[in-house]
Amino acid sequence: MGKLTTTIVDDTFNQKQSFQYKLFILAGVNSFLYLVTDQNKQVSLLKEYTFNKRTNTQLPGERIHAIFKDDGLLKLSYAEVKVAFLGSRQTFVPSRLYNPEQKGMYLEHVADLTATSQVEAHELSLLRAHNVFPIDRATHNYLKQMYPRAQFLHNTSALYNGFYQQAEHNSNSLFLNVREEFAQLFFFKSKELLFSNTFQFKSAKDLVYYVLLVYEQYKLDPKVQSIQVASDFAEGGDYHRQLHRYISHIQPVLPPEGFLFGEKVHKQLSNHLFFDVMSIGLC
């Protein structure tokens, strides 16, 4: 089973009132996070599980099943449930070209679909596009069984909505989300998305390489153009130190708009470290 690495609980959280709360889940390759908010979008509960990728031999569906078996809070009845999946395989398809009967076709050049894959799509009205992505069928079926009315999406949909809020109206905005060993980059020009991609990396130097590729592609000056960072990007950590050698201005993103934090949660929660799971609530 995964290791519980983070638990943040607000004093007002009452599991007997779960039918009034909203549940947001981020299912990663080697992690599982979930966030619970009340009707006013006040953060009530956050938990993070991680898996040892070197020793864990369970399939994705088996990992999640094991977490649900031991975590009774996930079995409660919630007013709303949204589940986002992390991975590098996804593509944005303009809505005018999207055909729901041909979802698999859009992934032919970005993913090797297998018999265990299920293709899903999530509409992004702001982008006027559909986000098409594959997920593990057993995982999807289990979560659908647990939450019949759940909405499923890719975490890049959540990140787009979160970053769009903070993109500048009349200038360039560059964002980086790091979760596990995935670097997710978004570049906006006057709130128009020009670039989005997810890279899998092994070291801080690899991360720097992918970030600087965006600077080079769009002729951005690393001494002038800032980058806003989110999730597994600790200030003063190895990623920060390596990136700061080339980029002068590195800033944490603000929490997504509308979320509220009680005093206890505010003291424990580093907002940018869980920006991705909070942004699910914007979808």
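Calculation criteria
- Residues numbered from 1 in each chain as written.
- Predicted model: local features only at pLDDT ≥ 70, side-chain atom pairs only at ≥ 80, totals over all residues.
- Heavy atoms only, no water.
- Helix = DSSP H or I, 4+ residues; strand = E, 2+ residues; numbered from the N terminus.
- Rg over C-alpha atoms; globule rule 2.2 N^0.38 Å.
- Buried < 20%, exposed > 50% of the residue type's maximum accessible area, 1.4 Å probe, protein only.
- Contact = heavy atoms within 4.5 Å.
- Pairing = 2+ DSSP bridges.
- Axes fitted to C-alpha atoms, helices over the stretch in contact; angles between N-to-C directions.
- Phe/Tyr/Trp six-rings, centres within 6.5 Å; stacked < 30°, edge-to-face > 60°.
- Lys NZ or Arg CZ within 6 Å of the ring centre and 35° of its normal.
- Arc of directions from axis to C-beta.
- Salt bridge = Lys/Arg side-chain N within 4 Å of Asp/Glu carboxyl O.

> Hey, could you run me through the overall build of the chain in this one?
Looking only at helices and strands, the chain features seven helices and 14 strands. Over its C-alpha atoms the chain spans a radius of gyration of 19 Å, differing by no more than 12% from the 19 Å that the globule rule assigns to 283 residues. Counting only C-alpha atoms, the chain reaches 55 × 50 × 40 Å along its principal axes. Here the chain, with 283 residues, has 52% of them falling under the buried criterion. Partitioning the contacts of the chain with sequence separation of at least 6, the portion at a separation of at least 24 is 60%.

> Just checking my understanding: could you explain the sheet that holds strand β7 (residues 117–124) for this structure?
Within a sheet, each strand pairs with its neighbour through backbone hydrogen bonds, oriented either parallel or antiparallel. The strand order across the open sheet formed by three strands is β6-β8-β7, and the pairing between neighbours is antiparallel. The outermost strands of the open sheet, each flanked by one partner alone, are β6 (91–94) and β7. With direction set aside, neighbouring strand axes in the sheet form an average angle of 30°. Across four bridges, the pairing between β6 and strand β8 (residues 129–136) is antiparallel.

> Would you mind going over the packing of aromatic side chains with me for this structure?
Each aromatic ring pair is characterised by the separation of its centres together with the angle its planes make. In this structure the tally under the stated criterion is 20 aromatic pairs. Ring geometry for Phe68 against Tyr147: centres 6.0 Å apart, planes inclined by 55°, an arrangement best described as tilted. With Phe68 in helix α1 (residues 60–70) and Tyr147 in the loop between α2 (137–146) and β9 (151–154), this residue pair connects regions lying 79 residues apart in the sequence. Each member of the pair Phe68 and Tyr147 is classed as buried. Members of the aromatic cluster, connected to one another through ring pairs, are Tyr160, Phe163, Tyr164, Phe175, Phe186, Phe188 and Phe275. Above the face of the Phe51 ring, Arg63 is positioned so that its terminal group lies 4.9 Å from the ring centre. The ring of Tyr164 has Lys191 lying over it, and the distance from NZ or CZ to the ring centre is 4.3 Å.

> I'm lost on the pairing of strand β12 (residues 192–200) in this one. Help?
Looking along a regular strand, one sees the side chains alternate between the two faces of the sheet. One ladder, built from eight bridges, connects strand β11 (residues 182–189) with β12; its direction is antiparallel. Its bridge partner lying in β12, Phe182 is registered against Gln200. Between the end of β11 and the start of β12, which pair antiparallel, lie two residues, with Ser190 showing a positive phi angle near 50°.

> How do you make sense of α2 when you look at a structure like this?
Note: α-helices contain 3.6 residues per turn, so residues at a spacing of three or four share the same orientation. Inspection of α2 places Thr139, His140, Tyr142 and Leu143 among the buried residues, and these make up the whole buried set. All buried residues of α2 project into a common sector of 165° when viewed along the axis, lining one side.

> Mind showing me how you'd approach the environment of Leu153 here?
Here Leu153 shows up in strand β9. Residue Leu153 is classed as buried on the basis of its relative accessible area, which comes to 0%. The sequence separation of Leu153 and Phe133 amounts to 20 residues, and the corresponding C-alpha distance is 8.2 Å. With residues up to four places along the chain from it excluded, the contact list for Leu153 reads Lys82, Val83, Ala84, Phe85, His122, Phe133, Ala158 and Cys283.

> How should I be thinking about the pattern of salt bridges in this particular structure?
Side chains bearing opposite charge may pair, as long as their charged atoms lie close to each other. Going through the model one piece at a time under the given rule, you end up with nine salt bridges. A salt bridge links Arg179 to Asp232; its shortest N-O distance comes to 2.9 Å. Linking Arg179 in strand β10 (residues 172–179) with Asp232 in the loop between β13 (227–231) and α5 (238–244), this pair joins segments that are 53 residues apart in sequence. In this structure, Arg179 engages Asp276 in a salt bridge whose closest nitrogen and oxygen atoms are separated by 2.8 Å. Residue Arg179 is located in strand β10, and its partner Asp276 is located in helix α7 (residues 275–279); the two are separated by 97 residues in the primary sequence. No difference in accessibility class separates Arg179 from Asp276, as the two residues are buried.

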